Amino acid sequence: QVQLAESGGESVQAAGSLRLSCAASGNTGRIYAMAWYRQTPGKEREGVAVIHPDNGGTYHADPVKGRFTISRDSDNTLYLQMNNLKPEDTAMYYCAAHTSGSWFGWSDSKSYDSWGQGTQVTVLS
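Quick summary incoming for the structure in this document. This is a predicted model, so every value here is computed, not measured.

1. Section: the overall build of the chain
Next up, step 1: If you tally the helices and strands in the chain, you get 0 helices and 11 strands.
Next up, step 2: For the chain, the N- to C-terminal ordering of α and β elements is β-β-β-β-β-β-β-β-β-β-β.
Next up, step 3: A compact globule built from 125 residues should have a C-alpha radius of gyration of about 14 Å, and the chain, at 14 Å, falls within 12% of that.
Next up, step 4: Each principal axis of the C-alpha distribution contributes one length, and for the chain these read about 40 × 30 × 25 Å.
Next up, step 5: Summarising the internal contacts of the chain: among those between residues at least 6 apart in sequence, 56% fall at separations of at least 24.
Next up, step 6: In the form shown here, the chain has an accessible surface area of approximately 6,500 Å², with 44% of it arising from carbon and sulfur atoms.

2. Details of the sheet that holds strand β7 (residues 68-72)
Next up, step 1: Read from one edge to the other, the open sheet built from 4 strands follows the order β1-β3-β8-β7, with strand pairing classed as antiparallel. Of all the strands in the sheet, the pair left with one neighbour each is β1 (2-7) and β7. Each adjacent strand pair in this sheet contributes to an overall mean axis angle of 15°, direction not counted.
Next up, step 2: With 5 bridges joining them, β7 and strand β8 (residues 77-82) adopt antiparallel strand pairing.

3. Points about the nonpolar core
Next up, step 1: Counting 26 residues, the largest nonpolar core has Met34, Trp36, Leu80, Met82 and Tyr93 as the members making the most contacts within it.
Next up, step 2: Looking at this core, the elements that each hand over two or more residues are β1, β3 (18-26), β4 (33-39), β5 (46-52), β7, β8, β9 (91-98) and β11 (119-124).
Next up, step 3: Ala33, Ala35, Val50 and Tyr112 belong to the second-largest nonpolar core, a separate cluster that totals 9 residues.

4. Notes on the pattern of salt bridges
Next up, step 1: Applying the stated criterion to the full structure yields 5 salt bridges.
Next up, step 2: Of the charged contacts in the structure, one is a salt bridge between Arg38 and Glu46, with a shortest N-O distance of 2.8 Å.
Next up, step 3: Overall, Arg38 belongs to the buried group, its relative accessible area being 7%.
Next up, step 4: The exposure class assigned to Glu46 is partly exposed, which follows from its relative accessible area of 37%.

5. Concerning unusual backbone geometry
Next up, step 1: The phi dihedral of Ala15 is positive, around 80°, even though this residue is not glycine.
Next up, step 2: As for its position among the elements, Ala15 is in the loop between β2 (11-13) and β3.
Next up, step 3: Positive phi outside glycine occurs at Asn84, with the angle close to 50°.
Next up, step 4: Along the polypeptide, Asn84 turns up in the loop between β8 and β9.
Next up, step 5: We classify Asn84 as partly exposed; its relative accessible area is 41%.

6. A short note on the packing of aromatic side chains
Next up, step 1: Evaluated as defined, the whole model comprises 5 aromatic pairs.
Next up, step 2: Ring geometry for Tyr37 versus Tyr112: centroids 5.6 Å apart, planes at 70°, classification edge-to-face. With a gap of 75 residues between them, Tyr37 in strand β4 and Tyr112 in the loop between β9 and β10 (114-115) connect regions that are remote in the sequence. Assigned by exposure class, Tyr37 and Tyr112 land together as buried.
Next up, step 3: Taking NZ or CZ as reference, Arg45 lies 4.8 Å from the ring centre of Trp115, over its face.
Next up, step 4: Taking NZ or CZ as reference, Lys110 lies 5.2 Å from the ring centre of Phe104, over its face.

Criteria and thresholds
Residues numbered from 1 in each chain as written. Predicted model: local features only at pLDDT ≥ 70, side-chain atom pairs only at ≥ 80, totals over all residues. Heavy atoms only, no water. Helix = DSSP H or I, 4+ residues; strand = E, 2+ residues; numbered from the N terminus. Rg over C-alpha atoms; globule rule 2.2 N^0.38 Å. Contact = heavy atoms within 4.5 Å. Areas by Shrake-Rupley, 256 points an atom, 1.4 Å probe, with all protein chains shown as cover. Pairing = 2+ DSSP bridges. Axes fitted to C-alpha atoms, helices over the stretch in contact; angles between N-to-C directions. Core = buried A, V, L, I, M, F, W, Y, C linked by side-chain atoms within 4.5 Å. Buried < 20%, exposed > 50% of the residue type's maximum accessible area, 1.4 Å probe, protein only. Salt bridge = Lys/Arg side-chain N within 4 Å of Asp/Glu carboxyl O. Phe/Tyr/Trp six-rings, centres within 6.5 Å; stacked < 30°, edge-to-face > 60°. Lys NZ or Arg CZ within 6 Å of the ring centre and 35° of its normal.

Structure below.
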């Protein structure tokens, strides 16, 4: 099992920057992919970015390309550096990990079997 805990969310002004962190613990050697998701009330949870620790490959969703960067350090901590924030980035941000089970693609939430509890990001206009 893998446990995930997000931190770093807060209210910021538009065009500001913020860095989210996700601490992973437990059986971290079996993490094959980690991702950031976000969700607003009444909307589906959407993928923001993914990283594959085995090769370091990343992918960022179109709305955040050029502004957000996903990364991971040697202490099993996942990061999301968010620059030039926009009001539409306001959401609850979740960290997710794939350790077992079927893979449905990085942007399908069913691919991830471990989730954090979320951290709120609010971008003020």
